[in-house]
Structure formats: structure tokens, C-alpha cells
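The residues making up each chain are set out below.
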Amino acid sequence: GITKAQDSTLVEFRVDVSALKNINNIGIRGDISPLSWENTIMLKDENGDGIYEGTLRFPSEIKFLQYKYVYVDKTITWELSAQNRILILDKKHIQTNDVWNVQNTFDASKLPQVSAIHLQEDFQVLKKALLE
């Protein structure tokens with residue numbers, strides 16, 4: 001259904017693609033609806049400054065978002081080949097100031113703590129997988 005303003009996080013995605021020449025079909029993909037890894041949501045550069053923008057709402061229970069920018073020519077070109085961007089949805093209104101293919105600095109202290117019990121469980125799964 002429709003996500004209403006009071007129970008959602010508004011994210012203004014802004015990405016500077018001025019380093020790319022003759023590319024204008026800039027979009028975004030991600031892991032949480034309305035984003036998906038299969039479909040591109042196109043962004044716009046209304047004033048021609050090389051910064052593409054788009055605003056999306058995410059349900060307030062979503063705390064972390066993984067995403068990447070793409071451009072669509074005859075094929076899809078993804079930025080940041082080895083990793084996704086991570087956005088912490090810790091405010092009602094967030095604006096990104098991303099630069100194409102440049103990873104953001106990331107404050108790991110904002111990530112949730114993992115308990116010793118969960119770490120031990122993860123270790124046992126890893127150990128079992130390696131030994132088998």
C-alpha cells in the first residue's frame with residue numbers, strides 16, 4: 001500500500017555525475033521497496049548542474065538501505081563494482097550528497113551492536129560450512 005508521511009522516512013537522493021560525459025539516464029536501484037535491484041527508478045537533473053535528484057519514501061521500520069546508482073544506455077552500468085552504498089535511516093528526512101562511483105564515509109558506530117551469543121552462532125555456522 002501507500003506509505004504515509006507520518007510513518008515513513010523521506011529520502012532525497014542527490015548524486016553528482018558531472019564527471020560522466022554525455023550520460024543523462026541516471027537512476028537508482030536498491031534492496032528495499034520502492035527500490036529494487038531489478039528495476040531502475042530514474043532521477044532528474046532539472047537545472048542542468050550535473051546533480052541528479054529524486055525523492056522516495058521508505059516505511060519508518062526500515063533502518064538500513066542498500067543502494068547503487070546506475071545509468072542506462074544500451075545496457076545498464078552500475079557504479080561501485082565491489083560494494084553497495086549503505087544509508088542509515090535514522091531521521092524523518094534525509095538528503096544524500098553522493099558522487100558517482102565515490103563511496104561515502106560510513107559511521108560504523110551507528111550500526112546495531114551484535115551480541116556475543118549471535119556472534120558465536122554465526123561462528124558455529126561458518127565453522128560447520130568450512131568443515132563440510
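What you are looking at is a predicted structure, and each value in this text was computed from that prediction instead of being measured. Just so you know, the residues in each chain are numbered from 1, in the order the chain's sequence is written. For this predicted model, a pLDDT threshold of at least 70 governs which residues receive local features, and a threshold of 80 or more governs which side-chain atom pairs are given and counted, while totals over whole chains, interfaces and linings are taken from all residues. In computing side-chain properties, one takes all heavy atoms of the structure into account and sets aside hydrogens as well as water.

### Some remarks on the pattern of salt bridges
No. 1: Salt bridge, as used here: a side-chain nitrogen of Lys or Arg that lies within 4 Å of a carboxyl oxygen of Asp or Glu. Following the criterion strictly, the structure yields 5 salt bridges and no others.
No. 2: The salt bridge involving Glu79 is made with Arg85; its shortest N-O contact spans 2.6 Å.
No. 3: Between buried and exposed lies partly exposed: a residue is buried under 20% and exposed over 50% of the maximum accessible area for its type, with that area taken using a 1.4 Å probe on protein chains only. For Glu79, a relative accessible area of 0% translates into the label buried.
No. 4: Salt bridges sharing common partners tie together Glu79, Arg85 and Asp98.

### Considering the packing of aromatic side chains
No. 1: Here a pair means two rings of Phe, Tyr or Trp (six-membered ring of Trp) with centres within 6.5 Å. Their orientation is stacked below 30 degrees between planes, edge-to-face above 60, and tilted elsewhere. Going through the model one piece at a time under the given rule, you end up with 5 aromatic pairs.
No. 2: Both rings, one in Phe13 and one in Phe58, keep their centres 6.3 Å apart while their planes meet at 80 degrees; by these two values the pair is edge-to-face. Taken together, the positions of Phe13 in strand β1 (residues 8–16) and Phe58 in strand β4 (residues 51–59) put the pair 45 residues apart, joining distant regions of the chain. Here Phe13 matches Phe58 in class, with each residue buried.
No. 3: Between Tyr67 and Tyr69, the ring centres sit 5.6 Å apart and the planes meet at 85 degrees, which makes this aromatic pair edge-to-face.
No. 4: An aromatic cluster is defined as three or more aromatic residues linked by ring pairs; in this entry it consists of Phe13, Phe58, Tyr67 and Tyr69. The numbering of helices and of strands both runs from the N terminus, where a helix is a DSSP run of H or I of at least 4 residues and a strand a run of E of at least 2.

### A word on the side chain of Asp98
No. 1: Mapped onto the elements, Asp98 comes out in strand β9 (residues 98–99).
No. 2: The class for Asp98 is buried, based on a relative accessible area of 3%.
No. 3: For the purposes of these results, a polar contact is taken to be a pair of N or O atoms within 3.5 Å, where, inside protein, one atom must be able to donate a hydrogen and its partner to accept one; residues adjacent in sequence count only when each atom of the pair is a side-chain atom. Engagement of the side chain of Asp98 in a polar contact is seen with the side chain of Arg85, the distance being 3.4 Å.
No. 4: The contact criterion used throughout is that any non-hydrogen atoms of two residues lie within 4.5 Å. If sequence neighbours within four positions are ignored, Asp98 has contacts with Arg14, Val15, Asp16, Tyr67, Tyr69, Arg85 and Asn104.

### So, the nonpolar core
No. 1: Take the buried Ala, Val, Leu, Ile, Met, Phe, Trp, Tyr and Cys residues and link them wherever side-chain atoms come within 4.5 Å; each set so joined is a nonpolar core. Counting 22 residues, the largest nonpolar core has Phe13, Phe58 and Leu65 as its most contacted members.
No. 2: Only β1, β2 (26–30), β4 and β5 (64–72) provide two or more residues apiece to this core.
No. 3: Looking at this core, the element that brings in the most residues is β5, giving 4 residues.
No. 4: In this view, Phe13 contacts Ile28, Leu35, Tyr52, Glu53, Gly54, Leu56, Phe58, Leu65, Tyr67, Tyr69, Leu87 and Thr96; residues no more than four positions away in its chain are not counted.

### Details of the pairing of β2
No. 1: Within β2, 5 of the 5 residues are buried, which leaves the element mostly enclosed by the surrounding structure.
No. 2: Going residue by residue along β2, you find Ile26, Ile28 and Gly30 tucked away on one face and Gly27 and Arg29 tucked away on the opposite face as well.
No. 3: Paired strands, as defined in this entry, are two strands with at least two bridges between them according to DSSP. Bridge count for β2 against β5 is 5 bridges, and the pairing is antiparallel. Bridged to Gly30 within β5 is Tyr67.
No. 4: Bridge count for β2 against strand β3 (residues 41–42) is 2 bridges, and the pairing is antiparallel. Within β3, the residue paired with Ile28 across the bridge is Ile41.

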